[in-house]
Every structure is written in C-alpha cells, then in structure tokens.
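Okay, here's what each chain looks like letter by letter:
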Amino acid sequence: MDVGMLQMTPVKAVGQIANVQEKTSDELKAQKPFSEFLVDSLKETNELQKNAEKMDLDLAAGKINDISQVVMASEKAQIALNLTMSIRNKAVEAYQEIMRMQV
C-alpha cells in the first residue's frame, strides 16, 4: 500500500475557512472521498495477495529462480493484509463504541 498517495487536507483555523469555499470545481473534483481511498486500498491489497499467490505457484513450477522475489511479494501481501485487518478492527471498535453511546 502506498501511503504517500493519501492526501488529506489539514484542519484550518476559523479565519482560513473562507478560503476553503473559494476553491474551484477542478480542485474539488481532484479530492477523492474517503470511501474511494478505502476501496482503492482494498483493491491494492487484493492485487498483492494475487501476485504473491501467482509467484508461489511459479516458484513451485520452477519458473522463478530467485526465491527472494517470492519472499518479498509474500511479505508485502502479508503486511498489507495485516494493515487492512487492523483498520477493519478499529472501524468495528469505533462502531461498537458509537452504539454504546446513550442518546
């Protein structure tokens, strides 16, 4: 997962809020909603998993001579999956906390 691609706007002071409304429609279209970041991250994690599985099969078939490539692909997939599961667990915990709140 490429965390460097995630661009979030910082919290602005009250005096700077007026400048936010002056953004052009092109600037607003360039910003992706959070749900798209999640979907893209899930797709990338899935691709890493598929790539690692394909490299495992290629190694078993003798198509790959360098085992370090297979190990690196497997570790990337494992790290991405662990990160995805951590985010999911935090989201579930946050949801459960909201459900426990009394109105």
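This one's a predicted model, so the numbers in the text were calculated from it and none came from an experiment. (Residues numbered from 1 in each chain as written. Predicted model: local features only at pLDDT ≥ 70, side-chain atom pairs only at ≥ 80, totals over all residues. Heavy atoms only, no water.)

Attention now moves to the confidence of the model for the protein chain. Mean pLDDT over the protein chain works out to 83, with 72% of the residues at or above the 70 mark. Here helix α1 (residues 17–21) stands out as the least confident element of the protein chain, with mean pLDDT 54; helix α4 (residues 67–100) is the most confident, with 95. (pLDDT = per-residue confidence, 0-100. Helix = DSSP H or I, 4+ residues; strand = E, 2+ residues; numbered from the N terminus.)

This brings us to the pattern of salt bridges. Side chains carrying opposite charge are able to pair once their charged atoms draw close together. Applying the stated rule across the entire model yields four salt bridges. Salt-bridge contacts for Lys 54 lead to Asp 58; the nearest nitrogen and oxygen are separated by 3.0 Å. Of this pair, Lys 54 and Asp 58 both sit in helix α3 (residues 34–61), four residues apart, roughly one helical turn. Among the salt bridges present, the one from Lys 90 reaches Glu 93, with a minimum N-O distance of 3.9 Å. (Salt bridge = Lys/Arg side-chain N within 4 Å of Asp/Glu carboxyl O.)

Across all of its chains, the model carries zero aromatic pairs by this definition. If you follow Lys 32 out to its NZ or CZ, it ends over the ring of Phe 37, 5.0 Å from the centre. (Phe/Tyr/Trp six-rings, centres within 6.5 Å; stacked < 30°, edge-to-face > 60°. Lys NZ or Arg CZ within 6 Å of the ring centre and 35° of its normal.)

As a further point, take α4. Helix length check: α4, at 34 residues, gives a terminal C-alpha distance of 49 Å against a target of 50 Å (1.5 Å per residue), a fit within 8%. Within α4, burial applies to Val 70, Ala 73, Ala 77, Ala 80 and Thr 84. Contacts from the buried residues of α4 go to α3. (Expected span 1.5 Å × (residues − 1). Buried < 20%, exposed > 50% of the residue type's maximum accessible area, 1.4 Å probe, protein only. Contact = heavy atoms within 4.5 Å.)

Note that Thr 84 resides in helix α4. A relative accessible area of 17% means that Thr 84 is categorised as buried.

With eight residues, the main nonpolar core is built from Leu 48, Ala 52, Met 55, Ile 64, Val 70, Ala 73, Ala 77 and Ala 80. Mapped onto this core, the elements with two or more residues apiece are α3 and α4. For this core, the element with the highest residue contribution is α4, accounting for four residues. Residue contacts for Met 55: discarding those within four places in its chain leaves Ile 64, Gln 69, Val 70 and Ala 73. (Core = buried A, V, L, I, M, F, W, Y, C linked by side-chain atoms within 4.5 Å.)

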